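Per-entry structural report
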Amino acid sequence: MDNNKPTIAALVVAAGSGTRFGDAQMPKQYAPLLGRPVLRWSVDALRAQGDVGVIGIVIQPEHRATCEAALAGIENANILIIDGGATRQQSVRLGLDALAAVAARPAHVLIHDAARPCVSAALLHAVCDALRAGHTAAIPALPVTDTVKKRDEDGAVTTQSRDGLFTVQTPQGFAFDAIHTLHRQFESESLTDDAALLERTGQNPHFVTGQRDNIKITWPDDIALAESILSSTRADIRTGKGYDVHRLVPPQHDLHKLMIGGIIIPHDKALEGHSDADVGLHAITDALLGTICDGDIGMHFSPKDARWKGADSGMFLQHAAALLAAQGGVITHIDLTVICEMPKIGPHRDAMRARIAELLHLPLRRVSVKATTTEGLGFTGRGEGIAAEAVVTVRLPFETPADMSAHSTEINTATRKAI
Ligand code: CTP
Ligand code: MG
């Protein structure tokens with residue numbers, strides 16, 4: 001192990017059999033969740049947390065191959081796979097024993113249920129901060145807001161006071177030696193969380209504010225709930241910008257018309273270009289390509305390529321939209337600004353919006369077209385050309401924190417090469 005690594009270790013307990021989840025073949029921690037096994041979400045969240053060094057993953061021995069498959073592609077010498085026990089408490093104890101044996105014995109440990117894949121970076125930070133502030137135990141807690149009722153075996157129902165009641169989650173953070181000692185001391189007991197061991201010796205764990213959507217996958221329909229939480233909280237919102245200019249010239253032939261925003265605008269001049277020179281659609285196309293970092297319109301449709309001579313720019317636009325869609329992206333908004341003195345764009349604005357919306361299968365309310373003059377200044381002011389600017393907003397599928405750190409590594413490598 002690397003002695004320079006941070007001194008907060010993590011232990012992910014994944015050795016349960018998920019009886020309530022009910023899939024005997026595939027315990028819930030390996031169930032697919034938006035294309036990644038449930039366990040992988042927690043591991044990725046922990047890997048992206050800069051403070052966490054070693055990550056121990058406690059599993060049932062017969063699931064080693066399944067676990068390794070779930071961790072595929074992670075090149076990290078700091079991951080330990082540890083065989084667990086019959087109860088959660090035994091699994092944690094065995095995990096702590098294994099972490100205690102690594103060369104750089106950690107000062108702190110985060111103990112986390114593999115069954116909580118929606119854990120946020122903010123919650124991990126909060127627990128780590130509380131540990132650094134000197135708390136022996138820091139646990140995420142939320143006050144109970146529902147009314148709590150108790151039903152006895154004989155069916156008698158009584159309402160309990162919820163005053164002072166909290167539900168607690170993982171990750172729970174501890175001073176490593178303290179929690180390891182307690183786990184050895186109370187080995188024979190079976191408690192459902194680790195902080196309970198401190199309470200047995202009269203110590204109070206410190207509460208950090210829990211994360212309301214840090215659900216523990218317990219029942220089969222919790223997968224759908226976790227999917228909706230992850231897809232909304234991890235959505236990858238991007239903005240792309242496009243800019244284009246074409247020269248205004250007298251029409252070169254009968255079919256040479258002024259095209260802007262996918263429609264013909266009656267005017268005594270037309271835009272010059274290899275394709276139909278639709279400056280508005282070109283700007284939107286470039287903005288779309290920008291959201292997926294896929295070059296620009298000239299790279300996809302070279303002005304030297306005879307195939308695109310006189311081409312309908314709606315096709316360029318739809319191609320860029322298809323590239324975005326292939327990555328699971330959805331356009332949420334388009335804002336096009338056309339910059340010219342003449343012709344007046346206002347009377348054609350709604351037709352342009354309708355055409356762009358039609359080309360992209362978008363509702364009209366998501367497409368804006370604006371226009372401005374440049375007060376007679378510059379090439380647009382002199383009527384030599386028309387410019388257009390577009391800003392588009394798209395939503396790509398969630399990206400895990402680990403994906404993000406992988407990308408930054410790529411960039412760092414590329415930057416180093418460039419230097
Ligand atoms: N766990 C463990 N070892 C055990 C039992 C549970 O590592 N012997 C882990 C589970 O994998 C889970 C966490 O402890 O990540 C919380 O336990 P729970 O939600 O109860 O999971 P299961 O015990 O697997 O589910 P069930 O109680 O429905 O059987
Ligand atoms: Mg259990």
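Further up the page is the structure itself.
To keep things clear, this report deals only with the structure shown in the data block. Quantities reported herein were computed from a predicted structural model and do not represent experimental measurements. (Residues numbered from 1 in each chain as written. Chains lettered and ligands numbered in written order. Predicted model: local features only at pLDDT ≥ 70, side-chain atom pairs only at ≥ 80, totals over all residues. Heavy atoms only, no water.)

1. Structural notes on the sheet that holds strand 13 (residues 236-249)
Operational definition: When DSSP finds two or more bridges between a pair of strands, those strands are recorded as paired. Working definition: helices are DSSP H or I runs of at least four residues, strands are E runs of at least two. Numbering for both runs from the N terminus. Axes here mean lines fitted to C-alpha atoms, for a helix over just the part in contact, with angles spanning 0 to 180 degrees between N-to-C directions. Contacts are assigned to residue pairs that have any heavy atoms within 4.5 Å of one another.
Read from one edge to the other, the open sheet built from five strands follows the order 16-13-19-17-18, with strand pairing classed as mixed. The open sheet has two edge strands, strand 16 (270-272) and strand 18 (367-372), and neither has a second partner. Averaged over all adjacent pairs, the angle separating strand axes in this sheet is 30°, with direction ignored. With three bridges connecting them, strand 13 and strand 16 associate as antiparallel partners. Bridge pairing links V249 to A270 in strand 16. Packed on one face of the sheet, helix 11 (residues 349-360) meets strand 17 (330-339) and strand 18 and runs near 140° to strand 18.

2. A look at the site of ligand 1
Under the convention used in this document: Nearness is defined per residue: one heavy atom within 4 Å of the molecule or strand is enough. Any pair of nitrogen or oxygen atoms within 3.5 Å is treated as a polar contact; in protein, a donor-acceptor pairing is required on top of that, and neighbouring residues in sequence qualify only through side-chain atoms on both sides. Working definition of accessibility: Shrake-Rupley area with a 1.4 Å probe, residue cover restricted to the visible protein chains.
Near ligand 1, the surroundings consist of 19 residues, among which V13, A15, G18, T19 and S91 are the closest. One nitrogen or oxygen atom from the main chain of G16 is found 3.0 Å from an oxygen atom belonging to ligand 1. Separating a nitrogen atom of ligand 1 from a backbone N or O atom of T87 is a distance of 3.3 Å. For ligand 1, the accessible surface in isolation is 560 Å², of which the surrounding protein chains cover 88%. Of all elements in the fold, only strand 1 (8-14) and helix 3 (88-100) reach the threshold of two or more residues within the shell around ligand 1.

3. Details of a nonpolar patch on the surface
Heads up, the rule is: Within this analysis, patches are made of residues with over 30% relative accessible area and no salt bridge. Like charges are joined at 9 Å or less; nonpolar side chains (Val, Leu, Ile, Met, Phe, Trp, Tyr) at 5 Å or less. One side-chain nitrogen of Lys or Arg within 4 Å of one carboxyl oxygen of Asp or Glu is enough to make a salt bridge. Each residue is assigned to one of three classes by its accessible area relative to the maximum for its type, calculated with a 1.4 Å probe on protein chains only: buried under 20%, partly exposed between the two thresholds, exposed over 50%.
A cluster of nonpolar side chains, F166, V168 and F207, forms an exposed patch at the surface whose accessible area comes to about 240 Å². Summarising the element assignment, F166 is placed in strand 10 (residues 166-168). Exposure remark for F166: the relative accessible area of 40% places this residue in the partly exposed category.

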